[in-house]
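Structural overview
Residue-level listing of the chains:
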Amino acid sequence: MLTTILINLAGLGLIAAIVWWFWLTKPRGGRSEEE
Amino acid sequence: MPRQRIRLSISGMSCAGCVAAVEDALRTVPGVEKASVNFAEHTAEVEGTASAAALIAAVKEAGYEAAELRGIDDETEKEAAERAHYRRLLIDTAIAGGVGVPLFLGGMFGLLPPVDSPGGRIFWGVAGLVTLAVLIFCGGHFFTGAWKAFRRHNANMDTLIAIGTGSAWLFSMGVILFPERVPTLAQHAYFDAAAVIIALISLGSALEMRARGKTSEAIKRLIRLQPKSARVIRDGEEMDVPIERIGLDETLRVRPGERIPVDGVIIEGSSTVDESMLTGEPLPVKKGVGDEVTAGTVNQSGTFLFRARRIGKDTVLAHIIEMVRQAQASKPAIGRLADRVAAVFVPAVLIVAVLTFLAWYDFGPEPRVAYALVTTMTVLIIACPCALGLATPMSIMVGVGKAAEYGVLIRNGDALQQASRLTTVVLDKTGTVTSGKPQVTALLPAAGWDELQLLRLAAAVESVSEHPLAHAVLESAHQRGIAVPEVTDFHAEAGHGVRGRVEGREVLLGNPRFLTRNGVAVEVLERAVSELASRAETPLLLAVDGEAAGVIAVADPVKPDSRAAVERLREAGIRVVLLTGDNRATAEAVARQVGIVEVIAQVLPGDKGERIARLQAEGERVGMVGDGINDAPALARADVGFAIGTGTDVAIESADITLMRGSLHGVADAIAISAATVRNIKQNLFGAFVYNSIGIPVAAGVLYPFFGTLLNPMVAAAAMAMSSVTVVSNANRLRLFRPRSSPHSQI
């Protein structure tokens, strides 16, 4: 039971991390791909 | 260490983002004052006191390769590196294809042993090791590229490929090593997919590289204009000295047929010099003591001594090279469409993969962990579209070929994509809108004279003149089959006219001032003269024995199809501007003839590029059409430079697109073809992604609750094959494209 909760939390955390890394913390001011 | 300027050749940059990374790395080196990276050339220019070694170390630290370019001539090293890279891509394609295609075909026709048989495990184990070698040797750069993108919080095509091939390999090795842990449904090795993906993407890159990579051809050609060595007189002795060792104020000798090595002033002797490569003026110019000579021009007949006044990077030639180089550097490289799609697609797929894992872990059948792992991996494998690498290069290749059928040579894929987005087209006047060759347009004899007499006498006095207008008169006489009599006592007054004795009669030919000054009453011709001036034609007045005989009109005629071509551009919603160094009256007369409203006149040759930049600052995406060396900086500065194929080599090399027919219809054709190509690329990207996107939910197991199926390896193979077939056949559909209302049949 505990493992299941931990794994689910880890999975959701991973999704949050992906969103955070690729969208929320994209470097601003620098040149992006589109430029 | 003294302050210096160092040029580095940088390799490993795949996108504009890398430019920023390299620039940042260079700026952190102590002593660096200025650092700028030229993406088109893959070079960096650094000013400051830092040593080349320190700069190279910093670039390597950032994950790229660098080498010092010694001086402005050192372009061969870069060229060799590019050739080597192209060969490498072809080798990668062959190796990865050699491994992947037999596995793919063998699997499809059931020729390979099953994974769980004893012989099968050995076979697949060996296949796995071979595939690993392919991934490392042929596909290693995708993994480093993916890592570089990841560190910049980005995902691109490399990321997709790295994730797809990496998970395919890991998953397949898992199946082979622990078949008992993997549900029977999912027992399949995806080595073929991993290798074929690498092969297809490498092939795509090679195609792209072949179409690209000539951006610096213009610069190379300009550099070739400068001789490698020069004959210097030092302490009364003549010696050959490498060009970079020539100092200011040294005395140099130039012999007939040689190129002039540096800029300077003639101090002894005289000659004629062909300056056409710089000025576009076809006639050689007479030079004597005190006259300036320019590096890169060709000495024709005489020998002379001159004193070096400007050397190295200060010569006119070096300035032109620098202008072209800067203009190319300031041009933004168009972002790769596939990368932009991948930037969203990749994180989305990663999220789907995690959700898949959780769903199977929470709600799936036993063994839950095994099912969860299998489905997650297959989601990642199927998400990598094999045909993605082919989507853009295939369309560009066909589009470039299509354009060539219409006499439009496109240098690179970027230009093709940019041309579809142009909002303004700037036309140079002479040689672009007009034919560039003055012609006799009208013969207006005074009372008592006829056209043939007029032309015959005019041709006689002009027969020994070197003026371009003289050429027009002689050409006209020749066309009408007139036998031109001989002239004696010829005398030319530069900028005004010529005089001579023909068949015993005194003949004057020139502008009205010239005739008036020689006592000829020109009032009878006044009406004709003012009418010609309003049409921007040049009047040549002829007087015989002190009496006005008529007017010959000479003009640089508008090309017959210029008007129709301008109309096509305007119909396409494009703003058309005429840009010329000529006076406003002439420019406006020509503009009226072809239907152009906007005229920028009296622009100095050096300012043309700046005018383009001004239009760009207004938010326009500018295409420039020109033919001369003086147009080269403007052609390079414009978003898309179009060179008229009959123009100078340097203009052609500075331009992105060359119009072989010399007709402005080529511009409209190029824009139409490029729009069709960009549409085709988008369809291809859709085709490359769509089958795999459909495969993702299947891989995630949405069919399992209903049919008990997971991703069938046949589905994965079919997606791979179908997307490639779709992309290749859709790109070929472009061959059927015809630009609307182009008067040209195909070549």
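Throughout what follows, the structure given in this document is the object of discussion. Here the structure is a predicted model, which means the values were calculated and not measured.

Another point: the overall build of chain A. Within chain A one finds 1 helix and 0 strands. A buried classification covers 20% of the 35 residues belonging to chain A.

Residue and element names in this part refer to chain B. One ladder, built from 5 bridges, connects strand β17 (residues 487-493) with strand β18 (residues 497-502); its direction is antiparallel. Residue pairing in the sheet places glutamate 493 in a bridge with glycine 497 of β18. Direction of pairing for β18 relative to strand β19 (residues 505-510): antiparallel, over a ladder of 6 bridges. Among the inter-strand pairings, valine 502 is bridged to a residue of β19, identified as arginine 505. Counting the residues between successive antiparallel strands, the hairpin from β18 to β19 contains 2 residues, one of them, glutamate 503, with a positive phi of roughly 50°.

On to the nonpolar core, then. Residues and elements named next belong to chain B. Judged by nonpolar contacts, the single largest core of 124 residues is most densely connected at Phe191, Leu427, Leu578, Val625, Phe642, Ile657 and Val667. Residue contacts for isoleucine 657: discarding those within four places in its chain leaves Val408, Leu409, Ile410, Ala415, Ala419, Val640, Gly641, Phe642, Ala643 and Ala670. Formed by 42 residues, the second largest nonpolar core is a distinct cluster that contains Ala472, Phe514, Ala548 and Ala549.

The next subject is unusual backbone geometry. Residues and elements named next belong to chain B. The phi torsion at histidine 153 lies on the positive side, around 60°, for a residue other than glycine. If you trace the backbone, histidine 153 turns up in the loop between α5 (140-151) and α6 (157-177). Residues other than glycine seldom take positive phi values, yet aspartate 489 does so here, at roughly 50°. Structurally, aspartate 489 is set in strand β17. On the basis of relative accessibility, which here comes to 58%, the residue aspartate 489 falls in the exposed class.

On to helix α20 (residues 562-571) of chain B, then. Residue and element names in this part refer to chain B. Within α20 the residues assigned to the buried category are Ser562, Ala565, Val566, Arg568 and Leu569. Take α20 and look down its axis: the buried residues cluster within an arc of 155°, on one side only. If you follow the buried residues of α20, they end up packed against β15 (424-428), α15 (429-433), β22 (575-579), α21 (584-594) and α25 (665-700). Two residues or fewer after α20 comes glycine 573, characterised by a positive phi angle close to 85°.

All names here are of chain B. Sheet architecture is open: 3 strands sit in the order β10-β9-β12, paired in antiparallel fashion. The open sheet has two free edges, formed respectively by β10 (285-287) and β12 (298-299), since each of these has just one partner strand. Of the strand pairs in this sheet, strand β9 (residues 271-274) and β12 are connected by 2 bridges, and their pairing is antiparallel. If you follow valine 273 over to β12, its bridge partner there is asparagine 299.

Our focus in this paragraph is the interface of chain A and chain B. In this assembly, 21 residues from chain A lie in contact with 29 residues from chain B. Both sides together, the interface formed by chain A and chain B hides about 2200 Å², and carbon and sulfur atoms give 66% of it. Counting across the interface, chain A meets chain B through 0 salt bridges. Summed over the shared surface of chain A and chain B, the number is 3 residue pairs in polar contact (both at pLDDT 80 or more).

Criteria and cut-off values
Residues numbered from 1 in each chain as written. Chains lettered and ligands numbered in written order. Predicted model: local features only at pLDDT ≥ 70, side-chain atom pairs only at ≥ 80, totals over all residues. Heavy atoms only, no water. Helix = DSSP H or I, 4+ residues; strand = E, 2+ residues; numbered from the N terminus. Buried < 20%, exposed > 50% of the residue type's maximum accessible area, 1.4 Å probe, protein only. Pairing = 2+ DSSP bridges. Core = buried A, V, L, I, M, F, W, Y, C linked by side-chain atoms within 4.5 Å. Contact = heavy atoms within 4.5 Å. Arc of directions from axis to C-beta. Buried area = accessible area lost by both parts, 1.4 Å probe. Salt bridge = Lys/Arg side-chain N within 4 Å of Asp/Glu carboxyl O. Polar contact = N/O pair within 3.5 Å; in protein donor to acceptor, adjacent residues only side chain to side chain.

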